[in-house]
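# Structural description and commentary
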Amino acid sequence: TKCESGCVCADGLYENLDGGCVPADECPCEYGGLAYGKGEQIQTECDICTCTKGKWKCVQKSKCSSTCNLYGEGHITTFDGQRFVFDGNCEYILAMDGCSVNRPVSSFKIVTENVICGKSGVTCSRSISIYLGNLTFILRDETFTISGENPGVRYDVKKNALHLMFDIIIPRKYNMTLIWNKHMNFFIKISRETQETICGLCGNYNGNMKDDFETRSKYVASNELEFVNSWKENPLCGDVYFVVDPCSKNPYRKAWAEKTCSIINSQVFSACHNKVNRMPYYEACVRDSCGCDIGGDCECMCDAIAVYAMACLDKGICIDWRTPEFCRKF
């Protein structure tokens, strides 16, 4: 209705993110807040996507897997990518199958036991129990024990300086890789050959993060605390009613936490910045570093940074970030 001064692209051309005019073939694509040029690819655990005329064209991989992360003081990323934080001093079911009402038979169940690791009340995952019928793995105190047996399950245990890794195969159902850093970080990677429903704090693994807060009673909770409370393994534990903000409780630690965690935003990780959104990992690092206030504060900070480093590695970017003076390996 009125004339405004400025620049416009000629017919058939479109403005790109740099303010230039390009033909439709040259339009960039967006993913995770980052721009990708024509022909660039991104890979998720299930798809390979190529940027074509401003839109992603995706091809599903022949074998599809997904990973649930539990790290630091109650940070979880579900199989479908939903993120949340919880503080609860109890045992919680991370993942299990046999969740459907029609077939309530479970072939595996993974439980985390949280213990308080800071004066502010934040909790850390310290103990993991893996139940496979009569076969049980207990991960605790930087080591593990195996008891019972299950002829229908094959498994292999590998160790390195930083991790314990468990490869578990339940024939015709699941291939699982479980990675534990012997402290607070635990990763569950599942490739499945069945349409069996999965449930627990890691979500329902149906490709839709919007319904990940499905409770044990099979309805979608209105918030994460209602969801978390429904997955208590021991009903006698108290419910969680609020999430602690450690930096508000320990404001004197905030400056140190922000300074030490800033390595995530620095040149050290620059090769990964356009592959993995760093801000959720930085914020988690600051929160955990504020919260670990009764010892082990550097361990909490290093564990949080290691999660971002592992996410970069999953995208093919290997960052050599540890030094003898900063988060050394041993």
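Residues numbered from 1 in each chain as written. Predicted model: local features only at pLDDT ≥ 70, side-chain atom pairs only at ≥ 80, totals over all residues. Heavy atoms only, no water.

In the annotation of an unreviewed UniProt entry, the entry for the protein chain reads MUC6 protein, and the organism field reads Pelecanoides urinatrix.

This paragraph deals with the overall build of the protein chain. From N to C terminus, the protein chain includes 6 helices and 20 strands. For the protein chain, the spread of C-alpha atoms along the three principal axes comes to 75 × 50 × 40 Å. Summarising the internal contacts of the protein chain: among those between residues at least 6 apart in sequence, 48% fall at separations of at least 24. Total accessible area on the protein chain stands at roughly 17300 Å², and carbon and sulfur atoms take up 51% of it. (Helix = DSSP H or I, 4+ residues; strand = E, 2+ residues; numbered from the N terminus. Contact = heavy atoms within 4.5 Å. Areas by Shrake-Rupley, 256 points an atom, 1.4 Å probe, with all protein chains shown as cover.)

It is worth spelling out the pattern of salt bridges at this point. Scanning all chains against the criterion turns up 7 salt bridges. A salt bridge links lysine 53 to aspartate 25, with the nearest nitrogen and oxygen atoms 3.8 Å apart. In this pair, lysine 53 is assigned in the loop between strand S6 (47–52) and strand S7 (55–60) and aspartate 25 in the loop between strand S2 (21–23) and strand S3 (29–31), connecting sequence segments 28 residues apart. For aspartate 25, a relative accessible area of 37% gives the class partly exposed. With a closest N to O distance of 2.6 Å, lysine 232 and aspartate 239 form a salt bridge. Taking the relative accessible area as the measure of exposure, lysine 232 reaches 10% and is therefore buried. Classification of aspartate 239 by relative accessible area gives partly exposed; the value is 38%. (Salt bridge = Lys/Arg side-chain N within 4 Å of Asp/Glu carboxyl O. Buried < 20%, exposed > 50% of the residue type's maximum accessible area, 1.4 Å probe, protein only.)

Further remarks concern the packing of helix H3 (residues 254–261) against helix H5 (residues 279–291). How two helices pack is summed up by the angle between their axes together with the distance between the axes. Two elements in contact, H3 and H5, have axes whose closest approach is 8 Å; the angle formed by their N-to-C orientations is 140 degrees. Relative to H5, H3 is oriented oblique. Our pair here, H3 against H5, has a crossing hand that is right-handed. Listed contacts from H5 to Lys254, Trp256, Ala257, Glu258 and Cys261 of H3 are Tyr282, Cys285, Val286, Ser289 and Cys290. (Axes fitted to C-alpha atoms, helices over the stretch in contact; angles between N-to-C directions. Parallel < 35°, antiparallel > 145°, perpendicular 65-115°, else oblique. Left-handed = near helix turned anticlockwise from the far one by under 90°.)

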